[in-house]
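Now for the letters of each chain:
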Amino acid sequence: LFSVQERVNILEKATKDIPNVEVKAFEGLSVNFARENKAQVIIRGLRAVTDFEYELQLAQMNRVIAPEIDTLFLTTNLKYAYLSSSMAKEVAMYGGDISEFLDPVIAKQVQEKYQALQEDRECK
């Protein structure tokens, strides 16, 4: 839905009050990005058991590529276990209220993007 630069801008706005957060874009393997930035840990989020198998495979692959970098899994609050970006985007696409699901800055950007796309379609 958003370009890389748009995503960076949105995340910078959403995290502006958190002093130790830096938003950076990258291409390629996350483990290589972590290594280049001298990170020792990659943190991955898990919503449900269905996420775990894929995330475990990814973590094991990363361990082979960069044994010095650990992967830490954090589970979501049960309140958000059902939520995915695809679901939030679909609700927004049809004009639904997504403020309950996303950070206010991000929700506003998503709603504005879909509104602009809708206006573009109507003009054509």
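Scroll up for the structure.
All values derive from a computational prediction rather than experimental measurement.

**Digging into the packing of helix α1 (residues 4–14) against helix α5 (residues 104–123)**
Argument step 1. Contact pair α1 / α5: the axes reach a minimum separation of 9 Å and the direction vectors enclose 145°. Along the contact surface, α1 presents E6, I10, L11, K13 and A14, while α5 presents V105, I106, Q109 and K113.
Argument step 2. Within the contact of α1 with α5, the residues separate by chemical class into 5 nonpolar, 1 polar and 3 charged.

**Points about unusual backbone geometry**
Argument step 1. Despite not being glycine, K38 has its phi angle at roughly 60°, a positive value.
Argument step 2. The topology assignment puts K38 in the loop between α2 (30–36) and β1 (41–46).

**Quick look at the pairing of β1**
Argument step 1. By the bridge criterion, 6 bridges tie β1 to strand β2 (residues 70–75) in an arrangement that is parallel. Its bridge partner being in β2, I42 is matched across the sheet by T71.
Argument step 2. A crossover connection joins β1 to the parallel β2 through helix α3 (residues 49–65); in handedness this β-α-β unit is right-handed.

**Thoughts on the nonpolar core**
For soluble globular proteins, the rule of thumb is that nonpolar side chains tend to be buried together.
Argument step 1. If you look at the biggest cluster of nonpolar residues, it comprises 7 residues: F2, I10, A92, I98, A107, V110 and Y114.
Argument step 2. If one sorts the elements of this core by residue count, α5 sits on top with 3 residues.
Argument step 3. In contact with Y114, other than residues within four places in its own chain, are L1, K89, A92 and M93.
Argument step 4. Residues V31, I42, A66 and I69 belong to the second largest nonpolar core, which totals 5 residues.

**Some details on the layout of surface pockets**
Argument step 1. When its volume is computed, the largest pocket comes out at roughly 610 Å³.
Argument step 2. R7, L11, S85, L102 and I106 are, among the 18 residues lining the largest pocket, the residues nearest its centre.
Argument step 3. Top contributing element to the lining of the largest pocket by residue count: α1, with 4 residues.
Argument step 4. Counted by class, the lining of the largest pocket contains 12 nonpolar, 3 polar and 3 charged residues.
Argument step 5. In terms of lining residues, the second largest pocket is bounded by E22, V23, K24, F26, S30, F33, N37, V41, I42 and I43.
Argument step 6. For the lining of the second largest pocket, the secondary structure elements donating two or more residues are α2 and β1.
Argument step 7. The element that contributes the greatest number of residues to the lining of the second largest pocket is β1, accounting for 3 residues.

Thresholds applied
Residues numbered from 1 in each chain as written. Predicted model: local features only at pLDDT ≥ 70, side-chain atom pairs only at ≥ 80, totals over all residues. Heavy atoms only, no water. Axes fitted to C-alpha atoms, helices over the stretch in contact; angles between N-to-C directions. Helix = DSSP H or I, 4+ residues; strand = E, 2+ residues; numbered from the N terminus. Contact = heavy atoms within 4.5 Å. Nonpolar A, V, L, I, M, F, W, Y, C, P; charged D, E, K, R; others polar. Pairing = 2+ DSSP bridges. Right-handed = clockwise from strand over helix to strand, strands pointing away. Core = buried A, V, L, I, M, F, W, Y, C linked by side-chain atoms within 4.5 Å. Buried < 20%, exposed > 50% of the residue type's maximum accessible area, 1.4 Å probe, protein only. 1 Å grid on protein atoms, 1.4 Å probe; cavity = no way out; pocket = protein on both sides within 12 Å on 5 of 7 lines; lining within 4 Å. Points joined across faces, edges and corners; volume = space filled by probe spheres on them.

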